[in-house]
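Take a look at the letters that make up each chain.
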Amino acid sequence: MNWLALLGLDALVARWRANVIEGAIAAEDRMDLARLEWQDQKQRLQQLLVLTILLGGLTVVALIMLSMAVLVHFWDTEHRVLVGWLVAGGWLLGWGGTLLGLVSVAKRASNGFALTRKELAQDWRDIKERL
């Protein structure tokens, strides 16, 4: 004897079962999405670390070269001055390019897990609507 059928609870149990299955599938999808976004975030953080180290090294070199350029500026011939400023300017350009790369990667890294957050927000809105 099926008591659920007699009490008319078959449809309720079937709906709950379908909701639980749907929730499990949705949770699995969200976990896959979070895993993929974590891989992207990890790659961006690695790039950020490499560019930060590179920027630090280039900053030291740029400051040394700029100091040399200032010292060379006071030497006797004009060719030494020109060469000193050109070398310092080259290092400064390298530093600026690295800084731009660092800022670019940092901006992309700040938007981590955007798709996961969007999906979870949509799920939360759907849950609130059902209640």
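Below: a short report on this structure.

Cut-offs and rules
Residues numbered from 1 in each chain as written. Predicted model: local features only at pLDDT ≥ 70, side-chain atom pairs only at ≥ 80, totals over all residues. Heavy atoms only, no water. 1 Å grid on protein atoms, 1.4 Å probe; cavity = no way out; pocket = protein on both sides within 12 Å on 5 of 7 lines; lining within 4 Å. Points joined across faces, edges and corners; volume = space filled by probe spheres on them. Helix = DSSP H or I, 4+ residues; strand = E, 2+ residues; numbered from the N terminus. Nonpolar A, V, L, I, M, F, W, Y, C, P; charged D, E, K, R; others polar. Salt bridge = Lys/Arg side-chain N within 4 Å of Asp/Glu carboxyl O. Buried < 20%, exposed > 50% of the residue type's maximum accessible area, 1.4 Å probe, protein only. Axes fitted to C-alpha atoms, helices over the stretch in contact; angles between N-to-C directions. Parallel < 35°, antiparallel > 145°, perpendicular 65-115°, else oblique. Left-handed = near helix turned anticlockwise from the far one by under 90°.

### With respect to the layout of surface pockets
Thinking step 1. Counted as a void, the largest pocket has a volume near 360 Å³.
Thinking step 2. Together, 11 residues line the largest pocket, and Glu22, Gly23, Ala26, Ile127 and Arg130 are the ones closest to its centre.
Thinking step 3. When residues of the lining of the largest pocket are traced back to their parent elements, those giving at least two are α2 (10–73) and α4 (114–130).
Thinking step 4. Class assignment of the residues belonging to the lining of the largest pocket gives a composition of 4 nonpolar, 2 polar and 5 charged.

### A closer look at the pattern of salt bridges
Thinking step 1. Using the criterion set out here, one finds 3 salt bridges in the structure.
Thinking step 2. In this structure, Glu119 and Arg30 form a salt bridge, with 3.2 Å as the shortest nitrogen-oxygen distance. With a gap of 89 residues between them, Glu119 in helix α4 and Arg30 in helix α2 connect regions that are remote in the sequence.
Thinking step 3. Overall, the relative accessible area of 31% leaves Glu119 in the partly exposed class.
Thinking step 4. Exposure remark for Arg30: the relative accessible area of 16% places this residue in the buried category.
Thinking step 5. For Asp32, the salt bridge goes to Arg35, with nearest N and O atoms at 3.9 Å.

### Remarks on the packing of α2 against helix α3 (residues 78–109)
Thinking step 1. Their axes nearest at 8 Å, the elements α2 and α3 cross at an angle of 160 degrees. The angle between α2 and α3 falls in the class roughly antiparallel. Taken as a pair, α2 and α3 cross one another with a handedness that is left-handed.
Thinking step 2. Residue classes in the contact of α2 with α3 are distributed as 23 nonpolar, 9 polar and 3 charged.

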